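Residue-level structural notes
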Amino acid sequence: MSIKEFINQFIEKYPEIDRIDVATDEMIATYEEILGYCLPVSFVEFLKKFSNGLFLLDCEPIGGVSKDSPCGDICNVDRIILDIPNEVLIVETNEWIESERLISFTTFDAGETSNNHWVFLCEDGVPDHEYRVGFVSQSSTKIVKILDNFQEWLTILWEHDDEDEMTYPVFHILFPTFEERGEILYDWWFD
């Protein structure tokens, strides 16, 4: 689902929801300089045309490119997980990535009271900077789930939105039981 499709569907379904302010090109450029990486084109479009950070569907805290964003600002992962190692294991692919290449776009995982959260994997040579996104476990300091990009992440969230029921964070959609999440998030988890 493109960002434009998401925005149109969201506004049609939830016209009364305040999406707060949007970001400017200058705000985005400032944060890209601070972070040391360009943001994905789809995420930039989200910030500029939808919202500069919000608690999306009451379950996913999207950071913005301003300290005044309702859910805080996007940042390098080491600002949220202070003890993150220099290299982080991507469990699904058995790859390693430098932690300085991880940019947090959610500020915590929303479904728990922890700092598990979603990050952009800022790798070189990715067209339009549509980086893969990964879910970082605060406990194991590993990336325990990978998705192709921000648009896939947003599509999963949107396709599971039910205005008559509670909407769940993307990680909970992918791993619906407490036991599944425990096995993935914690190195020490046992049956």
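Residues numbered from 1 in each chain as written. Predicted model: local features only at pLDDT ≥ 70, side-chain atom pairs only at ≥ 80, totals over all residues. Heavy atoms only, no water.

Concerning the pairing of strand 8 (residues 132-136)
Of all five residues in strand 8, five are buried; the element is thus mostly enclosed. Of the two faces of strand 8, the one holding Arg132, Gly134 and Val136 and the one holding Val133 and Phe135 are both buried throughout. Where strand 7 (residues 117-121) lies against strand 8, five bridges are found, and the strand directions are antiparallel. Bridge assignment links Trp118 to a residue of strand 8, and that residue is Phe135. Relative to strand 9 (residues 143-147), strand 8 runs antiparallel, the two sharing four bridges. Considered in strand 9, the bridge of Gly134 is made with Ile146. Linkage of strand 8 to strand 9, two consecutive antiparallel strands, is achieved through a turn of six residues, within which Thr141 is found at a positive phi near 50 degrees. (Buried < 20%, exposed > 50% of the residue type's maximum accessible area, 1.4 Å probe, protein only. Helix = DSSP H or I, 4+ residues; strand = E, 2+ residues; numbered from the N terminus. Pairing = 2+ DSSP bridges.)

Details of the packing of helix 3 (residues 41-49) against helix 4 (residues 150-159)
Put simply, helix 3 and helix 4 touch, their axes get as near as 8 Å, and they point 55 degrees apart. Between helix 3 and helix 4, the crossing angle belongs to the class labelled oblique. Facing helix 3, whose interface residues are Ser42, Phe43 and Phe46, helix 4 presents Phe150, Gln151 and Leu154. (Axes fitted to C-alpha atoms, helices over the stretch in contact; angles between N-to-C directions. Parallel < 35°, antiparallel > 145°, perpendicular 65-115°, else oblique. Contact = heavy atoms within 4.5 Å.)

Points about the nonpolar core
Core analysis: the biggest nonpolar cluster contains 44 residues, and Leu39, Phe43, Phe46, Leu56, Phe120 and Trp153 have the highest contact counts within it. By size, the runner-up hydrophobic cluster in this structure holds 14 residues, among which are Ile80, Leu121, Ile143 and Ile146. (Core = buried A, V, L, I, M, F, W, Y, C linked by side-chain atoms within 4.5 Å.)

As for the pairing of strand 4 (residues 87-90)
Moving residue by residue along a regular strand, the side chains alternate between the two faces of the sheet. Sheet topology places strand 4 next to strand 5 (residues 95-98); four bridges connect them, and they run antiparallel. Looking across to strand 5, one finds that Glu87 is bridged to Glu98. Where strand 4 folds back onto strand 5 in an antiparallel hairpin, the turn is made up of four residues, including Asn94, whose phi is positive at roughly 55 degrees.

Structural notes on a negative patch on the surface
Residues Glu16, Asp162, Glu163, Asp164 and Glu165 make up a contiguous surface patch of negative charge. The exposure class of Asp164 is exposed, given its relative accessible area of 68%. (Patch = residues over 30% accessible without salt bridge, like charges linked within 9 Å, V, L, I, M, F, W, Y side chains within 5 Å. Areas by Shrake-Rupley, 256 points an atom, 1.4 Å probe, with all protein chains shown as cover. Salt bridge = Lys/Arg side-chain N within 4 Å of Asp/Glu carboxyl O. Lys, Arg positive; Asp, Glu negative; His and termini not counted. Charge placed at Lys NZ, Arg CZ, Asp CG, Glu CD.)

Things to note about unusual backbone geometry
The phi dihedral of Leu57 is positive, around 55 degrees, even though this residue is not glycine. With respect to the element layout, Leu57 can be found in the loop between strand 1 (54-56) and strand 2 (60-62). Classification of Leu57 by relative accessible area gives buried; the value is 13%. Although it is not a glycine, Asp128 sits at a positive phi angle of roughly 55 degrees. Mapped onto the fold, Asp128 is located in the loop between strand 7 and strand 8.

Let's talk about the packing of aromatic side chains
Inspection of every chain in the model, using the stated rule, returns 23 aromatic pairs. Here Lys13 stacks its cationic end above the ring of Trp158, 5.2 Å away from the centre of that ring. (Phe/Tyr/Trp six-rings, centres within 6.5 Å; stacked < 30°, edge-to-face > 60°. Lys NZ or Arg CZ within 6 Å of the ring centre and 35° of its normal.)

Let's talk about the side chain of Ser99
Among the structural elements, Ser99 can be located in the loop between strand 5 and strand 6 (102-104). Judged by its relative accessible area of 10%, Ser99 is buried. Setting aside residues up to four positions removed in sequence, Ser99 forms contacts with Val77, Ile84, Pro85, Asn86, Glu87 and Val88.

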